[in-house]
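This is what each chain is made of:
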Amino acid sequence: MTLGGMTDVIVIGGGIAGVSAAASLAADGASVELLEAERHLAFHTTGRSAALYFESYGHPTIRALSKASRRWFEDPPAGTTDGPLLSPRGALMIAPADQVEALETSIAQAREHGTEIHRIAPADAVEMVPTIRQEKIVAASHEPGAADMDVAAIHQAFVRQLRRAGGLIHTGAGVTALRRTSTWHVTTGSGGHHQAPVVVDAAGAWCDEVAVMAGARPVGLVPKRRTVFMVTAPVGSSHWPLVATAGHTFYFKPEGTQLLCSPADETPSAPCDARPDEVDIASAIERINEATNLGIRSVRSSWAGLRSFVPDGGMVIGFDDDVDGFFWLAGQGGTGIQTSPAAGALAADLIADRTPAVDPSGFDVARFR
Ligand SMILES: Cc1cc2nc3c(=O)[nH]c(=O)nc-3n(C[C@H](O)[C@H](O)[C@H](O)COP(=O)(O)OP(=O)(O)OC[C@H]3O[C@@H](n4cnc5c(N)ncnc54)[C@H](O)[C@@H]3O)c2cc1C
């Protein structure tokens with residue numbers, strides 16, 4: 001690290017994006033301060049995910065990040081975790097007649113990135129997950145490498161790495177003003193004043209708002225609400241893979257004695273503490289009950305979170321093209337956890353002006369200018 005001064009980098013946001021970048025920077029020798037608006041880290045989207053590592057999911061540049069992250073999940077830095085971060089799950093994608101094209105596209109894209117995926121017959125899908133009504137599907141695929149992630153442990157691993165390297169974390173420290181002289185002056189609502197030459201915008205759904213505060217042009221980030229609800233799982237279902245429709249109309253997966261279900265909704269929203277909508281849950285239950293024999297009648301709990309997307313569905317990782325020392329880490333969408341090790345490392349490499357392991361060109365903010 002060639003950066004100098006008291007604090008080298010201020011990271012705004014204590015979700016998975018912020019802590020992964022902060023940990024990578026600190027592990028490289030930078031002095032890092034992380035500012036989080038809430039009293040607890042991971043309060044927003046990071047604490048609300050479905051916790052699946054699904055390599056074939058998302059924009060092509062994101063798939064490259066997911067793949068590059070797997071090794072870190074399987075072999076995290078020594079002393080940062082107490083147990084495995086991934087556990088086998090697999091992902092079964094099913095398609096009724098009108099979703100076959102979507103299924104074929106997802107198989108082709110997975111193979112392009114070298115992800116193991118198999119086209120399987122509807123009868124084989126039903127053998128794996130007997131609750132699926134075979135007459136409702138005409139095609140299916142299975143991705144055996146998909147895995148459950150321990151999101152809390154992953155987040156904590158980055159926090160431990162950051163703290164061990166001397167990084168500071170301030171919670172209840174929402175950034176309210178950013179001013180640039182020869183360095184950044186960052187003011188928080190709690191009265192804090194912090195200075196550093198580089199600011200990383202890892203504020204999740206609020207990334208555009210933070211950018212505007214810093215005098216940068218927004219990237220057109222759109223937070224989209226996604227709902228999750230838990231139902232009692234049928235006996236003998238704990239080994240089922242995640243089941244998702246190719247057309248993104250619902251998914252479900254076992255989680256202990258329950259099934260975690262989602263309408264796969266994407267309702268645009270202002271940045272906020274997202275809440276589930278009863279109508280989304282009811283319509284998901286209808287779709288799941290039609291495609292399966294689960295017969296869901298009641299919901300044990302539910303929540304919602306915001307998945308934030310830039311216009312092309314990729315991410316923005318890199319320095320702003322206009323405003324000095326302002327670094328974007330935005331647009332994590334539905335893959336921010338599974339990409340976090342590689343995304344954090346990419347951010348640290350670009351800030352330190354090193355050649356990154358992953359091609360950075362597809363993440364440049366300039367593509368939206
Ligand atoms: C239902 C659901 C299912 C999902 N499933 C998966 C999955 O299976 N796999 C996967 O990889 N991903 C999944 N995701 C996506 C993943 O959760 C997100 O991509 C990821 O958590 C985004 O992390 P983040 O750090 O960018 O945002 P956040 O976790 O929201 O963190 C941003 C932080 O910035 C803080 N902040 C905002 N403004 C300020 C400010 N002015 N000053 C200081 N702090 C500020 C916020 O308080 C917040 O804590 C899912 C998301 C949802 C909602």
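Refer to the structure presented above.
Described below are features of the structure shown in this document.

Definitions and limits used
- Residues numbered from 1 in each chain as written.
- Predicted model: local features only at pLDDT ≥ 70, side-chain atom pairs only at ≥ 80, totals over all residues.
- Heavy atoms only, no water.
- Near = heavy atom within 4 Å.
- Polar contact = N/O pair within 3.5 Å; in protein donor to acceptor, adjacent residues only side chain to side chain.
- Areas by Shrake-Rupley, 256 points an atom, 1.4 Å probe, with all protein chains shown as cover.
- Helix = DSSP H or I, 4+ residues; strand = E, 2+ residues; numbered from the N terminus.
- Nonpolar A, V, L, I, M, F, W, Y, C, P; charged D, E, K, R; others polar.
- Axes fitted to C-alpha atoms, helices over the stretch in contact; angles between N-to-C directions.
- Parallel < 35°, antiparallel > 145°, perpendicular 65-115°, else oblique.
- Left-handed = near helix turned anticlockwise from the far one by under 90°.
- Contact = heavy atoms within 4.5 Å.
- Pairing = 2+ DSSP bridges.
- Phe/Tyr/Trp six-rings, centres within 6.5 Å; stacked < 30°, edge-to-face > 60°.
- Buried < 20%, exposed > 50% of the residue type's maximum accessible area, 1.4 Å probe, protein only.
- Lys NZ or Arg CZ within 6 Å of the ring centre and 35° of its normal.

Some details on the site of the ligand
In step 1: Lining the immediate environment of the ligand, one finds 39 residues, of which Glu 36, Thr 46, Val 175, Gly 333 and Gln 338 sit closest.
In step 2: Interatomic distance of 2.6 Å between a side-chain N/O atom of Glu 36 and an oxygen atom of the ligand.
In step 3: Between the ligand and Thr 45 there is a distance of 3.2 Å, counted from an oxygen atom to a backbone nitrogen or oxygen.
In step 4: Protein coverage of the free-state accessible area of the ligand, which is 1,000 Å², stands at 96%.
In step 5: Going through the elements one at a time, helix 1 (16–27), strand 14 (222–232) and strand 19 (301–309) are the ones with two or more residues in the shell around the ligand.
In step 6: Taken together, the residues of the shell around the ligand break down into 18 nonpolar, 16 polar and five charged.

What about the packing of helix 1 against helix 8 (residues 340–351)?
In step 1: Two elements in contact, helix 1 and helix 8, have axes separated by 8 Å at closest approach and are oriented at 50°. Looking at the two axes, helix 1 sits oblique to helix 8. Handedness of the helix 1/helix 8 crossing: right-handed. For the pair helix 1 and helix 8, contact is made by Ile 16, Ser 20, Ala 21, Ser 24 and Leu 25 and by Ser 340, Gly 344, Ala 345, Ala 347, Ala 348 and Ile 351, respectively.
In step 2: Considering only residue class, the contact of helix 1 with helix 8 consists of seven nonpolar, four polar and no charged.

Examining the side chain of Gln 99
In step 1: Mapping Gln 99 onto the fold places it in the loop between strand 5 (91–95) and helix 3 (100–112).
In step 2: Sequence-distant contacts of Gln 99, defined by excluding residues within four places in its chain, comprise Ile 94, Thr 245, Ala 246, Gly 247 and Thr 249.

Notes on the sheet that holds strand 10 (residues 175–180)
In step 1: Here three strands make up an open sheet; going across it, the order is 10-11-12 and the pairing antiparallel. In this open sheet, the two strands that pair with only one neighbour each are strand 10 and strand 12 (193–196). Ignoring strand direction, the axes of neighbouring strands in this sheet form an average angle of 20°.
In step 2: Here strand 10 pairs with strand 11 (residues 184–188) via five bridges, running antiparallel. Note that in strand 11 the partner of Arg 180 across the bridge is Trp 184.

Describing the environment of Ala 91
In step 1: Residue placement: Ala 91 occurs in strand 5.
In step 2: The spacing of Ala 91 and Leu 260 is 169 residues in sequence and 14 Å in space, taken between C-alpha atoms.
In step 3: Look past the residues within four positions of Ala 91 in its chain and what remains in contact with it is Phe 54, Ser 141, His 142, Glu 143, Ala 146, Pro 241 and Leu 242.

A look at the packing of aromatic side chains
In step 1: Within the structure shown, the criterion is met by nine aromatic pairs.
In step 2: On the basis of an interplanar angle of 85° and a centroid distance of 5.8 Å, the ring pair of Trp 72 and Phe 73 is categorised as edge-to-face. When sorted by exposure, Trp 72 lands in the same class as Phe 73, which is buried.
In step 3: By way of ring pairs, the aromatic residues Tyr 53, Trp 72, Phe 73 and Phe 158 are connected into one cluster.
In step 4: Across the ring face of Phe 43, the terminal group of Arg 48 is positioned such that the distance to the ring centre comes to 5.2 Å.

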